Amino acid sequence: MTVATTTAVLRRRATATTALRHRVFSGRVPWTLVVFIIMATVPWIGSRYDTFLAAQIVIDALFAVSLNLLLGTTGLVSFGHVAYFGVGAYVCGILMKTYAVPFSLAFPAAGLGAALFALISGYFCVRLIKLYFAMLTLAFSQIIWAIAYKWNAVTGGDQGLPEIPYPHLDWMSAIPGFADLSIGDRFYLLTLVLVAVSLAVVHRVIRSPFGRVLTTIRDNPERAAFLGINVRLYQLAAFVVAGGFAGLAGALYGIFSRGVFADFVFWSKSAEILIMTILGGAGYFWGPPVGAAALVWLNQAITDYTQYWSFVLGAILLVLLFGFPGGIVGGLDLLWQRLKRLRNA
């Protein structure tokens, strides 16, 4: 099979997959811009608590999208993605608190540090498949947790690294309307912009020829290998990219939480992000952000009304997962397609 033929086959498969996975609910409405503008107005129209929830949703959205680059795009189930989230949080926290490194340097360093660890761990993980791959990622995350919990001189051990400083955001005072905002509100807006840029980059990666190869590997790795694609190399590259963006999310989360702690890299955090991804819809780019918003909101809303919040939350998640096998976005997409067919009938 010639190179031209191979390229044509991959292009046809990628076009079909892209049409299926990235449908737009309505014709020309720039929903992404609309949502960004709404989120940007939270510090002015909402309370401090609303800003707190919005910041958590935004950061979790980036974390979940980075996981979905493995799960939904490449077909790799990772139980230990929180390791790279934690590495990014500790790298940024240590640089800013211990060495007084500015955020403009510590933030990208967090992504690079997480990507480097993803390269090392991914080299071993991609040699295994399916459940064995998932369990090996979990093993690496537990190694990071043990280091964070025991290495008191660097990570602070079980006490963690409290009081991670906010970046210097005094320059925002020069922007009209920003002068009266608190430091927390300013950091939220900075986080929103950084996450928006990161999501745009991930979206571009998924829609690029590299991303199309990843979807081909997801659909049929044996056929991809037959076409001459180095499956392990592409999986490792996806692993590194996903780990880097998870590290950026971790860096933001450490500052948002005003501290970095060993709990950040415990396996339960991986389970939480995995639930967000599946709940929103792993087959859609905007599924993980929707799942993050839904889970964070449900968790906070139910906790306010009952002490049995875990039972109620679990019951609601069961209903949603069984009622919408393709996730919330998948269910909305299916509903929209049915309405279009009825309208055109």
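Asks: Help me understand the side chain of Thr51 in this model?
Replies: Inspection of the secondary structure puts Thr51 in helix α4 (residues 48-74). In this structure Thr51 comes out as buried when scored by relative accessible area, which is 5%. Apart from the residues lying within four places of it in its own chain, the contact partners of Thr51 are Val42, Pro43, Asp185 and Tyr188.

Asks: Please explain the packing of α4 against helix α12 (residues 231-256) as it appears in this structure.
Replies: It is the contact of α4 with α12, at a shortest axis distance of 9 Å, that shows an interaxial angle of 170 degrees. By the angle between their directions, the pair α4 and α12 is classed as roughly antiparallel. Here Phe52, Ala55, Gln56, Ile59, Leu62, Phe63, Ser66, Leu69, Leu70 and Thr74 of α4 lie close against α12, whose contacting residues are Gln235, Ala238, Phe239, Val241, Ala242, Phe245, Ala246, Leu248, Ala249, Leu252, Tyr253 and Phe256. Class assignment of the residues belonging to the contact of α4 with α12 gives a composition of 18 nonpolar, 4 polar and no charged.

Asks: Mind showing me how you'd approach a nonpolar patch on the surface here?
Replies: A contiguous nonpolar patch, built from Leu33, Phe36, Ile37, Val193, Val197 and Val201 and spanning about 480 Å² of accessible area, is present on the exposed surface. Those elements that provide at least two residues to the nonpolar patch are α2 (31-40) and α9 (183-207). Mapped onto the elements of the fold, Val197 is located in helix α9.

Asks: What should I look at first to understand helix α14 (residues 287-303) in this one?
Replies: Think of an α-helix as turning once every 3.6 residues; residues three or four places apart then point the same way. Across its 17 residues, α14 extends 24 Å between first and last C-alpha, which sits within 8% of the 24 Å expected from 1.5 Å per residue. Of all the residues in α14, the buried ones are Gly287, Pro288, Pro289, Gly291, Ala292, Ala294, Leu295, Val296, Leu298, Ala301 and Ile302. Where α14 is buried, its residues touch α4, α13 (267-280), α15 (309-323) and α16 (327-344).

Asks: Explanation requested: the packing of aromatic side chains in the structure shown.
Replies: One pair of aromatic rings is described through two measures. These are the centre distance and the angle between the planes. Taken as a whole and judged by the stated rule, the model has 20 aromatic pairs. Ring plane angle 75 degrees and centroid distance 5.3 Å describe the contact between Trp44 and Phe178, whose orientation is recorded as edge-to-face. Taken together, the residues Trp44 in helix α3 (residues 42-45) and Phe178 in the loop between β1 (161-162) and α9 connect sequence positions 134 residues apart. Look at Trp44 and you get partly exposed, because its relative accessible area is 42%. Judged by relative accessible area, which is 16%, Phe178 ranks as buried. With centroids separated by 6.0 Å and ring planes inclined at 85 degrees, the aromatic side chains of Phe261 and Phe264 adopt a geometry described as edge-to-face. With a relative accessible area of 10%, Phe264 lands in the buried category. An aromatic cluster of three or more residues is present, and its members are Phe52, Phe63, Phe85, Tyr253, Phe256, Phe261 and Phe264. The ring centre of Tyr123 lies 4.3 Å from the NZ or CZ of Arg127, which sits over that ring. The side chain of Lys269 reaches across the aromatic face of Tyr253, ending 4.9 Å from its centre.

Asks: Help me understand unusual backbone geometry, please; the structure alone is not making it clear to me.
Replies: Note: most peptide bonds trans; most residues except glycine with negative phi. Phi angles above zero are rare outside glycine, and Glu163 is one such case at about 60 degrees. Looking at the element boundaries, Glu163 is found in the loop between β1 and α9. You will see that Arg258, though not glycine, has its phi angle at about 60 degrees, which is positive. Mapped onto the secondary structure, Arg258 falls in the loop between α12 and β2 (259-260). Take Arg258: its relative accessible area is 35%, and that puts it in the partly exposed class.

Conventions adopted
- Residues numbered from 1 in each chain as written.
- Predicted model: local features only at pLDDT ≥ 70, side-chain atom pairs only at ≥ 80, totals over all residues.
- Heavy atoms only, no water.
- Helix = DSSP H or I, 4+ residues; strand = E, 2+ residues; numbered from the N terminus.
- Buried < 20%, exposed > 50% of the residue type's maximum accessible area, 1.4 Å probe, protein only.
- Contact = heavy atoms within 4.5 Å.
- Axes fitted to C-alpha atoms, helices over the stretch in contact; angles between N-to-C directions.
- Parallel < 35°, antiparallel > 145°, perpendicular 65-115°, else oblique.
- Nonpolar A, V, L, I, M, F, W, Y, C, P; charged D, E, K, R; others polar.
- Patch = residues over 30% accessible without salt bridge, like charges linked within 9 Å, V, L, I, M, F, W, Y side chains within 5 Å.
- Areas by Shrake-Rupley, 256 points an atom, 1.4 Å probe, with all protein chains shown as cover.
- Salt bridge = Lys/Arg side-chain N within 4 Å of Asp/Glu carboxyl O.
- Expected span 1.5 Å × (residues − 1).
- Phe/Tyr/Trp six-rings, centres within 6.5 Å; stacked < 30°, edge-to-face > 60°.
- Lys NZ or Arg CZ within 6 Å of the ring centre and 35° of its normal.

So, to be careful, I would describe these as geometric facts and stop short of saying anything about function.
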